[in-house]
Amino acid sequence: MNEAIIVGGGIGGLAAAIALQKSGSVGRIQVLEQAAEFGELGAGVQLAPNALRALQALGVYEGIDRYAVYPRRLVMMDAVTGSFITALDVGAPFRERFGMPYLLMHRGDLLRMLIDRAKQFDAIELRSAVHVTGVEPDGSGARVVAATGEDLRGDLVVGADGLRSVVRTCLLGDARPVSGGCVAYRGTVPFDHVASIADGDDVLLWVGPGMHLVQYPIRRGELYNQVVTFRSERHSPDDDWGTEDELDERFAAACDAVRAGVDLIDRGRRWKLVDRDPVDSWVRGRIALIGDAAHPMVQYVGQGAAQTLEDAVSLSAAVGAEPDLDTALARYQRERVPRASRVQGMARRFGEVLHAGGMAATMRDRLLTSRSHADYSEIEWLYG
Ligand SMILES: Cc1cc2nc3c(=O)[nH]c(=O)nc-3n(C[C@H](O)[C@H](O)[C@H](O)COP(=O)(O)OP(=O)(O)OC[C@H]3O[C@@H](n4cnc5c(N)ncnc54)[C@H](O)[C@@H]3O)c2cc1C
């Protein structure tokens, strides 16, 4: 039986471990996570039907009701005037169309479900506080070197180490991720504290020139999740941009509802948003990339985790179906690269649509206002 080493114990690493265990072709699976403990504080995550189908394949869908909120609509509003632009009905017609709901949850709860599932299998060993410093192909397998001094060998190594992946650097040697000059602040507040300004039924997407705010309830409605994003006019190679002061300046012209949300956002940490251009190759020898290590994307279409989960399921299906690992990895790459690359491009373009100003914004709103709320034609290929 093959042995696998997975670098990174986030959504992708844990999903890959569970999936590979299910493939029946991998014996021992070690998941190496650099953090002192597995888990995530994080904030909310939106999960579309394609993500939920992948969770179902991993055996992590049952019981999700304990944590989930099922919104009625995804609503786009004008962040400056406060007026309604359009909505996507994600209630009954959506479920009927895609056979799955659209749900919202806390990232920590999703991680918890994946960890609990992984722990059900003796073959999976979750190892925290192991920072991987390098990987390289080694005959019919690959070597993994860790800062602990360990030198491990697996028949298969999966790089699930996220946006600034060490495994990717070893494989592709490509440059740093690309910044489009946008920065995000995110956090949750108890729903009771925001009940007067919050919407407990919908995902609200407030869009304005160079900025947007996303708000939705999570954890059965106990918490309200907010992500505020803006394009910094002070973007530079230095670190001093996208600061709190700039956040307040950028949203000064926003309507009252948006400013009330921005006032409540956690300012303790900011995320400089980065992605990369798609690449054709995620595999070298017996080393394969998944998740943000393979296809980092801006979060605007809420598909980073979804594509990561799809990777895990696809990798496992390929490894289970092909007796030869090299053929399996080639198949995985063939199946996943075109789709994930398309989503990476879509995320960038959607950011431009969200952040449009002037005439472009007027045209966007005019086009969107007339569309049916149950028109799923644009997302059919992604969720279907
Ligand atoms: C603001 C924001 C909102 C988002 N909202 C959504 C959403 O609504 N829906 C959605 O689908 N996606 C969303 N995403 C994207 C999603 O969070 C990511 O795509 C997803 O977490 C990728 O999972 P991953 O396992 O590949 O990487 P990560 O979650 O980054 O996990 C990587 C893991 O590897 C570990 N690691 C890193 N380096 C090493 C090393 N050298 N050695 C050992 N361990 C290492 C890290 O500690 C981490 O635990 C959002 C992202 C952002 C920034």
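Per chain, the residues get numbers from 1 upward, laid out in the order the sequence is written. Local features in this predicted model are restricted to residues whose pLDDT is 70 or higher, and side-chain atom pairs enter the listing and the counts only when it is 80 or higher, whereas totals over whole chains, interfaces and linings include all residues. Computation of side-chain values covers all heavy atoms of the structure but excludes hydrogens and water.

- In the annotation of an unreviewed UniProt entry, the entry for the protein reads FAD-dependent monooxygenase, and the organism field reads Pseudonocardia yunnanensis.
- Note on the protein: under the UniProt heading Cofactor (unreviewed entry), the record states "FAD". UniProt positions are given in the numbering used here, feature names are shortened, and annotations may be inferred rather than shown by experiment.

### Section: the pattern of salt bridges
At step 1: Between Lys or Arg on one side and Asp or Glu on the other, a salt bridge is scored when a side-chain nitrogen of the former is within 4 Å of a carboxyl oxygen of the latter. Evaluation of the coordinates by the stated rule reveals 25 salt bridges.
At step 2: The residue arginine 28 makes a salt bridge to glutamate 3 at a minimum N-O spacing of 4.0 Å. Linking arginine 28 in strand β2 (residues 26-32) with glutamate 3 in strand β1 (residues 2-7), this pair joins segments that are 25 residues apart in sequence.
At step 3: Arginine 28 gets classed as partly exposed once you look at its relative accessible area, which sits at 36%.
At step 4: Among the salt bridges present, the one from aspartate 151 reaches arginine 143, with a minimum N-O distance of 2.6 Å.
At step 5: For aspartate 151, a relative accessible area of 46% puts it in the partly exposed group.
At step 6: Overlapping salt bridges, with partners in common, bring together Glu310, Asp311, Arg336 and Arg339 in one network. Numbering of helices and strands runs from the N terminus; a helix is a DSSP stretch of H or I covering at least four residues, while a strand is a stretch of E covering at least two. Residue burial is assigned from relative accessible area. The probe radius is 1.4 Å, only protein chains are included, and a residue is buried under 20% of its type maximum, exposed over 50%, and partly exposed in between.

### A short note on the environment of serine 140
At step 1: Mapped onto the fold, serine 140 is located in the loop between β8 (132-138) and β9 (141-146).
At step 2: Residues serine 140 and arginine 219 lie 79 residues apart in sequence; the distance between their C-alpha atoms is 45 Å.
At step 3: Excluding its chain neighbours within four sequence positions, the residues that come into contact with serine 140 are Arg153, Asp155 and Arg286. Working rule for contacts: check all heavy atoms of both residues, and any pair within 4.5 Å makes them a contact.

### Considerations on helix α11 (residues 358-369)
At step 1: An ideal rise of 1.5 Å per residue puts 16 Å on 12 residues; α11 measures up with 17 Å between its terminal C-alpha atoms.
At step 2: Buried within α11 are the following residues: Ala361, Arg364 and Asp365. The buried side chains of α11 occupy one side of the element, clustering within an arc of 95° when seen end-on. The exposed residues of α11 that point more than 90 degrees off its buried face are Met359, Arg366 and Leu367.
At step 3: Elements in contact with the buried residues of α11: β4 (73-78), β5 (84-89), β13 (202-208) and α10 (325-354). Expected helix span is taken as 1.5 Å per residue step, with the number of steps being one fewer than the number of residues. Arc definition: directions from the helix axis to the C-beta atoms.

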